[in-house]
Amino acid sequence: MVRSFCSQALAGPHFYTWGDHGGILMAIAQGGPTKYLNFSTNEGETWSGFQFSDREVYVYQLLTEPGEKSTIFTIFGSYADQRHSWLILQVNTSDVLGVPCSEADYKRWSPSDEHGNECLLGREITFKRRAPHATCFNGEEFDRPVTISNCSCTRQDYECDYGFKLSEDLSLQVCVPDPEFLGDLYAPPVPCPVGTTYRRSKGYRKVPGDSCSGGDVESRLDGEMLPCPVGESNEFILYAVRNSIHRYDLATGTDQALPLAGLREAVALDFDYDRNCLYWADISLDTIQRLCLNGSTGQEVVVRKDLQNVEALTFDPISRLLYWVDAGAQKIEVSNPDGDLRHTLLNSSVLEHPRALVLLPGESLMFWTDWGDRAAGVYRSYMDGTNVSCIVSEGVRWPNGITADDHWLYWTEAYSDRIERADFTGGQRSVLMEGLPHPYAIAVFKSETE
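What you are looking at is a predicted structure, and each value in this text was computed from that prediction instead of being measured.

## As for the sheet that holds strand β21 (residues 236–240)
Then, in step 1: A sheet is described by the order of its strands in space; here three strands give the open sequence β21-β22-β23, paired in antiparallel fashion. Edge strands, defined here as strands with exactly one partner in the open sheet, are β21 and β23 (255–257). With direction set aside, neighbouring strand axes in the sheet form an average angle of 25°.
Then, in step 2: By the bridge criterion, five bridges tie β21 to strand β22 (residues 245–249) in an arrangement that is antiparallel. Within the sheet, the bridge partner assigned to Ile-237 lies in β22 and is Tyr-248.

## Some words on the side chain of Ser-319
Then, in step 1: Among the secondary structure elements, Ser-319 is positioned in the loop between β28 (310–316) and β29 (321–326).
Then, in step 2: Side chain to side chain, Ser-319 and Asp-316 meet in a polar contact 2.5 Å long.

## Section: the sheet that holds strand β34 (residues 377–382)
Then, in step 1: Spatial strand order, β32-β33-β34-β35: four strands in an open sheet with antiparallel pairing. Because the sheet does not close on itself, it has two edges, and the strands there are β32 (354–360) and β35 (389–392). Recorded for the sheet is a direction-independent mean angle of 30° between the axes of neighbouring strands.
Then, in step 2: In this sheet, β34 lies alongside strand β33 (residues 365–370) in antiparallel orientation, the contact comprising six bridges. Its bridge partner being in β34, Met-366 is matched across the sheet by Ser-381.

## Points about the domain arrangement of the protein
Then, in step 1: Looking at the assigned domains, one finds that the protein contains domain 1 (1–148), domain 2 (155–228) and domain 3 (236–434).
Then, in step 2: The distance between the C-alpha centroids of domain 1 and domain 2 comes to 46 Å.

## A few points about the pairing of strand β5 (residues 36–40)
Then, in step 1: By the criterion of burial, β5 is predominantly enclosed, with four of the five residues buried.
Then, in step 2: When strand β3 (residues 24–29) meets β5, the two strands line up antiparallel, connected through three bridges. Bridging from a neighbouring strand, Met-26 pairs with Phe-39 of β5.
Then, in step 3: Strand direction decides the pairing type here: β5 and strand β6 (residues 47–51), joined by four bridges, are antiparallel. Within β6, the position partnered with Phe-39 by the bridge is Ser-48.

## What to know about the state of the cysteines
Then, in step 1: Applying the stated rule across the entire model yields four disulfides.
Then, in step 2: Each disulfide pairs two cysteine sulfurs, and for Cys-101 the partner residue is Cys-136, the sulfurs being separated by 2.0 Å. Looking along the S-S bond of the Cys-101-Cys-136 disulfide, the torsion reads about 90°, which is the right-handed sense. Here Cys-136 lies in strand β13 (residues 136–137) and Cys-101 lies in the loop between β10 (99–100) and β11 (106–109), a separation of 35 residues in the sequence.
Then, in step 3: We classify Cys-101 as buried; its relative accessible area is 18%.
Then, in step 4: Take Cys-136: its relative accessible area is 1%, and that puts it in the buried class.
Then, in step 5: Disulfide pairing places Cys-119 opposite Cys-151 at an S-S distance of 2.0 Å. The sign of the -90° torsion about the S-S bond sets the Cys-119-Cys-151 disulfide as left-handed. Of this pair, Cys-119 sits in the loop between β11 and β12 (123–130) while Cys-151 sits in the loop between β14 (146–150) and β15 (158–160); the two residues are 32 residues apart in sequence, bridging distant segments of the chain.

## Observations concerning the packing of aromatic side chains
Then, in step 1: If you walk through the whole model with that rule in mind, you get 11 aromatic pairs.
Then, in step 2: The interplanar angle of 65° and the centroid separation of 6.4 Å between the aromatic rings of Tyr-16 and Trp-47 together place this pair among those described as edge-to-face. Taken as a pair, Tyr-16 in strand β2 (residues 14–19) and Trp-47 in strand β6 lie far apart in primary sequence, 31 residues in all.
Then, in step 3: Residue Tyr-16 is classed as partly exposed on the basis of its relative accessible area, which comes to 43%.

## Observations regarding the confidence of the model for the protein
Then, in step 1: The share of residues in the protein with pLDDT of 70 or more is 93%, and the mean pLDDT across the chain is 87.
Then, in step 2: Counted against residues more than four places away or in other chains, residues 1–6, with its pLDDT under 50, gives 22 contacts.

## Quick notes on the environment of Asp-54
Then, in step 1: Checked against the element boundaries, Asp-54 lands in the loop between β6 and β7 (57–63).
Then, in step 2: Along the chain, Asp-54 and Gly-98 lie 44 residues apart, while their C-alpha atoms are 26 Å from each other.

## Some points on the pattern of salt bridges
Then, in step 1: Under the definition given, this model contains 18 salt bridges.
Then, in step 2: A salt bridge links Arg-242 to Glu-265, with the shortest nitrogen-to-oxygen separation between them at 2.7 Å. Residue Arg-242 is found in the loop between β21 and β22, and its partner Glu-265 is found in the loop between β23 and β24 (266–272); the two are separated by 23 residues along the sequence.
Then, in step 3: Notably, a salt bridge pairs Arg-429 with Glu-420, separated by 2.6 Å at the nearest N-O pair.
Then, in step 4: Given the relative accessible area of 32%, Arg-429 is considered partly exposed.
Then, in step 5: Via salt bridges that share partners, Glu-159, Asp-161 and Arg-205 belong to a single interconnected network.

## Some remarks on a nonpolar patch on the surface
Then, in step 1: A surface patch of nonpolar side chains, amounting to about 360 Å² of accessible area, comprises Ile-237, Tyr-248, Leu-250 and Phe-445.
Then, in step 2: Relative to the helices and strands, Leu-250 is located in the loop between β22 and β23.

Criteria and cut-off values
- Residues numbered from 1 in each chain as written.
- Predicted model: local features only at pLDDT ≥ 70, side-chain atom pairs only at ≥ 80, totals over all residues.
- Heavy atoms only, no water.
- Pairing = 2+ DSSP bridges.
- Helix = DSSP H or I, 4+ residues; strand = E, 2+ residues; numbered from the N terminus.
- Axes fitted to C-alpha atoms, helices over the stretch in contact; angles between N-to-C directions.
- Polar contact = N/O pair within 3.5 Å; in protein donor to acceptor, adjacent residues only side chain to side chain.
- Domains from an automatic or database assignment.
- Buried < 20%, exposed > 50% of the residue type's maximum accessible area, 1.4 Å probe, protein only.
- Disulfide = S-S within 2.5 Å.
- Phe/Tyr/Trp six-rings, centres within 6.5 Å; stacked < 30°, edge-to-face > 60°.
- pLDDT = per-residue confidence, 0-100.
- Contact = heavy atoms within 4.5 Å.
- Salt bridge = Lys/Arg side-chain N within 4 Å of Asp/Glu carboxyl O.
- Patch = residues over 30% accessible without salt bridge, like charges linked within 9 Å, V, L, I, M, F, W, Y side chains within 5 Å.
- Areas by Shrake-Rupley, 256 points an atom, 1.4 Å probe, with all protein chains shown as cover.

Have a look at this one:
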């Protein structure tokens, strides 16, 4: 005898199992004697009852063949009115499923999240399955077609890599070096045989199991493949003289003007050693430009809008982000190397006349000088612009250039014509040199151990 009832949750605990590749769902009450089982051929939208025994049965388990392909279900139990003895009943449900399914009885279906996004873990999976209200059976030989296609990567496909964390402004979804991480984010693996490459993190990694591929996000966030180091090449100094930028080879003494066109007032520059690319700011053209000396690109403008007076520029090789100080706009800004994803880290609420900037990516710190009348001093913050503090102010009037090594911070004081240093909190301050004619920029060449 079969009885039907509309969509509702089955009351109390039940044994459940699928059959016919998910075409039928079977349920039997658990924990008490029963004569009935329930089944649904439309994914639980409606249920029908069926009396499978004339006597009450304690059910211990409900099973079908591994793979849930069969339409035959097996009930294990014992009669309720006698001492325990095993009872095995089989129920064939093929009659209630009707005729074999045709192509018209199937539909394509892809799982999705709560927002309707069908790209889960970087891929869209499409199943061929029987429509819920089709009265037919799949059959044991039914081979469920599954189509898998990778999606273009989005920010949601990535998490922060080991040694990095989300910046304090969670809305930015930017991974920055974790100041509590004690490892060396710069070091290649050991061993790193010459002639091979290794992947250096940009601060992000794909979520485990994610298979997305392609798109601008992947090219920006994926770690980059770098050749294992082969030893130090000739050392050189780069310097700007307004309408030209020069490379001075320290080994040969050769001074060479770089092949640049249209420079007017180049005053700030930095170098990407991994890509062999030079970045500089031209305060007359109000642009930030780039030239890659390996020939991969020609001279190109990467930032051309909303610049007033860029006095300092520095490149972070770990996150591969470009930072600059715009004294005219009273801002410290950051973008990717192509000038995209531009963001203001600090503005006039903190800055008065910012001058120079240096980064310590391994510590997730940045330092800058400000020689405004109100705020003259040396400042520091995290590289996302949070936790700002003035670490040196006494006796500071015109702090110009700033640089750092592994242990010390160095800056030029143009009003007092000297070079000073302090630790990264402003302590252990001392004067290194005096009587200099208006010192401007400063840089560290190697460290004490090199």
